[in-house]
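Take a look at the letters that make up each chain.
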Amino acid sequence: MGIFGGGDGNKNDDAETAPIGKMPPHSRRLSQSMINTETGKFMSKLINESSYLSGTGETNTFDTAEAVAESDELMREMFFSIVKETAGEEMVTKIMDVYKISETFSESHSSEDFDKLKTTLDALKLDETLMLSSAYSNLLNLHNISEHVATSMEERHARLDDIPRGPAKTTNGAIKGMVANGMDPNAIYDALCNQHVDLVLTAHPTQALRQSLLKNFGKIRKNLINLQRFRLSRFEREEILESIRCCIHSAWRTDEIRRSPPTPQDEMRRGLTYFTNTIFAGVPQFMRRV
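Values in this document were obtained by computation on a predicted structure and should not be read as measured data.

Draft legend 1. Spotlight on the overall build of the chain. Check the secondary structure of the chain and you find 11 helices and 0 strands. Ordering the α and β elements of the chain from the N terminus gives α-α-α-α-α-α-α-α-α-α-α. Within the chain, the proportion of its 290 residues that are buried is 28%. Taking as baseline every contact in the chain between residues at least 6 positions apart, the subset at least 24 positions apart corresponds to 71%. With an accessible surface of roughly 19000 Å², the chain has 55% of that area assigned to carbon and sulfur atoms.

Encoded structure:
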């Protein structure tokens, strides 16, 4: 089923009983990409009204807080629709109740709202508590992705002089700041070329998230950037949304906790992934830009 629902995939009864050599009359079916569910209609309305997720391409302005809020709302709606499909509407209602009460308490800081939140949590069964914890873990990870994408887009707009530059958040900004303060560009370049870096792989777990989750979140991040940066057709936009939804679904169905302790060999292999996934790809690009 697509992000906006779709047909049941059953064969056409007329096609099964039609005589050989005679084609059955064509009966139009809703494609899997059509908006034919309430959740799909809401998401379509949300995206069309969005300033940054509509697939119309980036503009000369950028508001980081608004971009984070729009990405959060989109992925939150996707996530809760997935939880509803897999865990049932009753569980979604309980998660939403905790979410709303927590939001109220974060604004009021009143003892009444805290007691209400405590009562709601105490009423949950053990398996519901575990599912609630997993749901919040996924929501926090998705929010982190929204912030990472917004920060990346903010820096891009600053480099394009669309928005004023704030404090240096990148190496490029730091180098420009040093040059503006009177440092010799050649001295900065020589210092970068002559520095010595020792890579240390520790013997204890330093990354709590599983590799499969990190890969899923990386795909979501890339798709969100494409959704904000490029002018997309309706089908291209829906393919991106479907990809985001699949990654969120996969993350929700993945156990965050490793059920067996990692061996030293496992830790070694995980440490080496930083070479293939980050260092080998990132260092050459960084040096070319410097």
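Still more to cover.
Draft legend 2. Focus on the side chain of Arg-245. For Arg-245, the location among the structural elements is in helix H10 (residues 234–252). Assessed through its relative accessible area of 8%, Arg-245 is described here as buried. Only 2.4 Å separates the side chain of Arg-245 from the side chain of Glu-85, close enough to count as a polar contact.

Draft legend 3. Layout of the packing of helix H4 (residues 89–108) against helix H5 (residues 111–122). Where H4 meets H5, the closest approach of the two axes is 9 Å, and the angle between their N-to-C directions is 160 degrees. Considered as vectors, H4 and H5 are oriented roughly antiparallel to each other. Crossing handedness for the pair H4 and H5: left-handed. Every residue of H5 that contacts H4 at Val-98, Ile-101, Ser-102, Thr-104, Phe-105 and Ser-108 is listed here: Asp-113, Phe-114, Lys-116, Leu-117, Thr-120 and Leu-121. The residue inventory of the contact of H4 with H5, partitioned by class, reads 6 nonpolar, 4 polar and 2 charged.

Draft legend 4. Fine view of the packing of helix H3 (residues 64–87) against helix H9 (residues 211–229). Packing of H3 against H9 brings their axes to within 12 Å, and their N-to-C directions diverge by 125 degrees. By the angle between their axes, H3 is oblique relative to H9. Between H3 and H9 the crossing geometry is right-handed. From H3, Ser-71, Leu-74 and Met-75 reach across to H9, where they touch Ile-220, Leu-224, Leu-227 and Gln-228. Of the residues in the contact of H3 with H9, the class split is 5 nonpolar, 2 polar and no charged.

Draft legend 5. Highlighting the side chain of Asn-141. When you line up the elements, Asn-141 lands in helix H6 (residues 126–159). Setting aside chain neighbours within four positions, we find Asn-141 in contact with Leu-209 and Phe-217.

Draft legend 6. Representation of H10 in the model. Relative to the 27 Å expected for 19 residues at 1.5 Å per residue, H10 spans 27 Å between its end C-alpha atoms, a close match to the ideal helical length. Of all the positions in H10, only Arg-237, Glu-238, Ile-240, Leu-241, Ile-244, Arg-245, Cys-247, Ile-248, Ala-251 and Trp-252 are classed as buried.

Draft legend 7. Examining the packing of aromatic side chains more closely. A complete count under the given rule lists 5 aromatic pairs for this structure. Ring centres of Tyr-52 and Phe-62 lie 5.2 Å apart, and the angle between their planes is 65 degrees; on these two criteria the pair is classed as edge-to-face. Of this pair, Tyr-52 sits in the loop between helix H2 (38–48) and H3 while Phe-62 sits in the loop between H2 and H3, and the two are 10 residues apart along the sequence. Its relative accessible area of 12% is what places Phe-62 among the buried residues. Here a set of aromatic residues connected by ring pairs shows up, and it is made of Phe-79, Phe-80, Tyr-99 and Trp-252. Sitting above the plane of the Phe-235 ring, Arg-234 keeps its charged end 5.2 Å from the centroid.

Basis of the calculations
Residue numbers restart at each chain and count upward from 1, following the sequence in its written direction. Per-residue local features of the predicted model are confined to residues with pLDDT of at least 70, and side-chain atom pairs are confined, for both listing and counting, to 80 or more; whole-chain, interface and lining totals are unaffected and use all residues. Heavy atoms throughout the structure, all of them, feed into the side-chain values; hydrogens and water do not. Here a helix means four or more residues in a row that DSSP labels H or I, a strand means two or more in a row labelled E, and each is numbered from the N terminus. The buried label goes to any residue with under 20% of its type's maximum accessible area, the exposed label to any with over 50%, and the partly exposed label to all in between, with areas taken from a 1.4 Å probe on protein chains only. We call two residues in contact when some of their heavy atoms are within 4.5 Å. Computed with the Shrake-Rupley method and a 1.4 Å probe, the accessible areas treat only the protein chains shown as cover for residues. Within 3.5 Å is the distance limit for a polar contact, defined as a pair of N or O atoms, with the added protein rule that one can donate a hydrogen and the other accept it, and that residues adjacent in sequence qualify only through two side-chain atoms. Angles shown run from 0 to 180 degrees and are taken between the N-to-C directions of axes, each axis being a line fitted to C-alpha atoms and, for helices, limited to the stretch in contact. In this scheme, roughly parallel covers angles under 35 degrees and roughly antiparallel covers those over 145, while 65 to 115 is roughly perpendicular and the rest are oblique. A crossing counts as left-handed when the near helix is turned anticlockwise from the far one by less than a right angle, and as right-handed when that turn is clockwise. Residues are grouped as follows: Ala, Val, Leu, Ile, Met, Phe, Trp, Tyr, Cys and Pro are nonpolar; Asp, Glu, Lys and Arg are charged; all remaining types, including Gly, are polar. What a helix is expected to span follows from its residue count: subtract one and scale by 1.5 Å. Two rings from Phe, Tyr or Trp (for Trp, the six-membered ring) form a pair when their centres sit within 6.5 Å of each other. Planes less than 30 degrees apart are called stacked, planes more than 60 degrees apart edge-to-face, and all others tilted. Two thresholds decide whether a charge sits over a ring: the Lys NZ or Arg CZ must be within 6 Å of the ring centre and within 35 degrees of the ring normal.

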